[in-house]
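Structural overview for review
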Amino acid sequence: MKITVIGSGYVGLVSGACLAELGNEVLCLDVDAHKISILQQGGVPIYEPGLEELIKNNVAAGRLRFTTDVAESVAHGLVQMIAVGTPSGEDGSADLQYVLAAARNIAKHMTEYKVIVDKSTVPVGTADKVKQAVQEELSNRGITTLPRPQAGEARGEGRETGQPSFSVVSNPEFLKEGAAIDDFNRPDRIVIGADDERAIEYMRKMYAPFQRNRDRLMVMDVKSAELTKYAANAMLATRISFMNELANLAEKVGADIEYVRKGIGSDQRIGYNFLYSGCGYGGSCFPKDIRALQRTGEEFGMPMKILSAVEDVNHTQKNVLLQKITARFGSNLKGKHFALWGLAFKPGTDDMRDAPSRVVMEGLWAKGATVTAHDPVAMKETKHIYGERADLHYAKSPLDALQDADALIIVTEWNAYKSPDFDAVKSKLKNAIIFDGRNLFEPQDIKAMGIEYYGIGRGN
Ligand SMILES: NC(=O)c1ccc[n+]([C@@H]2O[C@H](COP(=O)([O-])OP(=O)(O)OC[C@H]3O[C@@H](n4cnc5c(N)ncnc54)[C@H](O)[C@@H]3O)[C@@H](O)[C@H]2O)c1
């Protein structure tokens, strides 16, 4: 199948490369000429495990290409998959300007039937807006769309009449950065929102290779599909904030959240997944998607009270490490120096969007402290965000970051931080103190080594 992926970011590149691997001919478009030039020269502009090799193999096989040429990208794919960003607008709603620009671009150039797939995370009603934008552009070109085709005409692709027509499908993506390729190849489910048999048939065809093990395709109406994506992220964020609020209470009452976690996770109705307390959620999805769903609720006169609490708790939690640090060192941190392990919003990615590390570092700087940070992959992106500054240094290794620091702060649970040489940690730090934002260690073990330890919700 010929597929165009519009937007070559985390979702676009992973989707494009995985679909190419299955034998499809994929063309990835982006408006960012620098990104496309890196890709055309054999590089990969983001870090995602396994992605570089997958892209390289499929480019070599001639199944995967990259372009900035909109006319070429529209001509290429029967399926036009929109995977552009949907950041928060000023009022918290999803900013649809990139999605709608992509849709208009398709309509400006299409000369035959296209299946337009919304893979970006978009609020309920977006497919209708995409449809309207495409129709407007077609009218500007003096083209009236064909009547909706019958299912039996599916292979005609509108070519018999030479007239363009199109379908809009909602196909939200559920991949997790850090495990994106595996998630895309072995999804828990593939959600297709469509009211058009012809488009559903093409989606079934495109996703057929993912169906061999079991039927993963869930076909539903467009609005339900759009809402499903937000509901999933809202539920996951709720679990995190719930555990964080509980952790803070555990600390107050002298309980240990790790015992509580195991105690409740063993209940099959609750389960262990996504039940950790820590220093808050971040990333490119949860914060903006929670805000967007709240905004949708407001628009429809249905305030999402649980989500307001989820967001509030997360805001507090992103500051919890700073509170512990100032409780230990005082609120004036001038002259203090901290080692920080983990910059990316989670392990396995270089994504720094809304990362908790940013709140911690910015808070430390505002109080006069300096930071030496380490991250296995996100230091380049951090330099890109903050530039050169005197109060931020980067270390070549986790241990190097500790030299003469007043304490170690752990923000991201990379595997490389889970089993350090504690003797070396102690000897490098000026004060043997660890603020562990991810509960990587057992407090009593660390304390037994003569290290002062502050975890999250480890009351006793
Ligand atoms: N990152 C994730 O883990 C994840 C997971 C599931 C869903 N999503 C959703 O997928 C969408 C994309 O997310 P992402 O993280 O890949 O974003 P991203 O910012 O990494 O990539 C988006 C890309 O789209 C490009 N772009 C913008 N307008 C364009 C246009 N008109 N034509 C061509 N390219 C254009 C940008 O230059 C950018 O490279 C978002 O809606 C996001 O919520 C993301």
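The structure displayed is predicted, hence computed values, not measured ones.

**Some words on the site of the ligand**
The ligand sits among 26 residues. The nearest are G7, G9, V11, S120 and T121. Considering only residue class, the shell around the ligand consists of 12 nonpolar, 9 polar and 5 charged.

**Re the pairing of strand β5 (residues 114–118)**
Taken across its 5 residues, β5 has 5 buried, putting it largely inside the fold. Of the two faces of β5, the one lined by K114, I116 and D118 and the one lined by V115 and V117 are each fully buried. You can see the chain leave strand β4 (residues 79–82), run along helix α5 (residues 97–109) and come back into β5, and the turn it takes is right-handed. Here β5 runs beside strand β6 (residues 166–170); their pairing, made up of 5 bridges, is parallel. The residue of β6 that forms the bridge with V117 is V169.

**Focus: the sheet that holds strand β11 (residues 392–394)**
Strand order in the open sheet made by the 6 strands is β11-β10-β9-β12-β13-β14, with parallel pairing throughout. Bordering the open sheet on either side are β11 and β14 (452–454), each of which pairs with just one other strand. The mean inter-strand angle of the sheet, taken between neighbouring strand axes irrespective of direction, is 20 degrees. Of the pairings in the sheet, the one linking strand β10 (residues 370–374) to β11 comprises 3 bridges and is parallel in character. Looking at the pairing, V371 lines up with L392 of β11. In this fold helix α14 (residues 356–366) packs onto β9 (337–341), β10, β11 and β12 (407–410), with an angle of close to 175 degrees to the strand it touches most, β9.

**What about the confidence of the model for the chain?**
For the chain, mean pLDDT is 95; residues scoring 70 or higher make up 95% of the total. Of the regions scoring below 50 in pLDDT, residues 151–160 engages in 17 contacts with residues more than four places distant in sequence or in other chains.

**Comments concerning helix α3 (residues 51–60)**
Buried within α3 are the following residues: L54, I55 and N58. Axial view of α3: buried residues confined to an arc of 95 degrees, hence all on one face. Looking at α3, the residues exposed on the side facing more than 90 degrees away from the buried face are E53 and A60. Summarising the contacts, the buried residues of α3 are in contact with α1 (10–21), β3 (64–67) and α7 (180–185). Downstream of α3 by a residue or two, G62 has a phi angle that is positive, lying close to 80 degrees.

**So, the packing of helix α9 (residues 222–253) against helix α10 (residues 257–265)**
Two quantities define a packed helix pair, namely the angle between the axes and the distance from one axis to the other. Closest axis-to-axis distance for the α9/α10 pair is 9 Å, and the angle between their directions is 135 degrees. Of the possible angle classes, the one that applies to α9 and α10 is oblique. When you trace α9 past α10, the crossing you get is right-handed. On the side of α9, the interface is formed by M243, L246, A247 and A250, while α10 contributes I257, V260 and R261.

**What about helix α11 (residues 286–299)?**
Taking 1.5 Å as the rise per residue, α11 with 14 residues should run 20 Å; its terminal C-alpha atoms sit 20 Å apart, in good agreement. Those residues of α11 that fall on the buried side of the exposure criterion are F286, P287, K288, D289, I290, A292, L293, Q294 and T296. Contact partners of the buried residues in α11: α9 and α12 (305–318). Of the residues one or two after α11, G301 is the one with positive phi, at around 65 degrees.

**Let's talk about the domain arrangement of the chain**
For the chain, the assigned domains read domain 1 (2–220) and domain 2 (255–454). In this assembly, 17 residues from domain 1 lie in contact with 15 residues from domain 2. Residues belonging to the side of domain 1 that touches domain 2 are distributed by class as follows: 9 nonpolar, 5 polar and 3 charged.

**Observations concerning the nonpolar core**
With 122 residues, the main nonpolar core has I82, A103, I116, L340, L408 and I409 as its most contacted residues. Tallying contributions element by element places α9 first for this core, with 10 residues. Shared between two domains, this core holds at least three residues of each, these being domain 1 (2–220) and domain 2 (255–454). Excluding anything up to four places from it in sequence, L408 contacts A339, W341, L402, V425, L429 and I434.

About the thresholds
Residues numbered from 1 in each chain as written. Predicted model: local features only at pLDDT ≥ 70, side-chain atom pairs only at ≥ 80, totals over all residues. Near = placed C-beta within 6 Å. Nonpolar A, V, L, I, M, F, W, Y, C, P; charged D, E, K, R; others polar. Buried ≥ 20, exposed ≤ 12 C-beta atoms within 10 Å, placed from the backbone. Helix = DSSP H or I, 4+ residues; strand = E, 2+ residues; numbered from the N terminus. Right-handed = clockwise from strand over helix to strand, strands pointing away. Pairing = 2+ DSSP bridges. Axes fitted to C-alpha atoms, helices over the stretch in contact; angles between N-to-C directions. Contact = placed C-beta atoms within 7 Å. pLDDT = per-residue confidence, 0-100. Arc of directions from axis to C-beta. Parallel < 35°, antiparallel > 145°, perpendicular 65-115°, else oblique. Left-handed = near helix turned anticlockwise from the far one by under 90°. Expected span 1.5 Å × (residues − 1). Domains from an automatic or database assignment. Core = buried A, V, L, I, M, F, W, Y, C linked by C-beta atoms within 7 Å.

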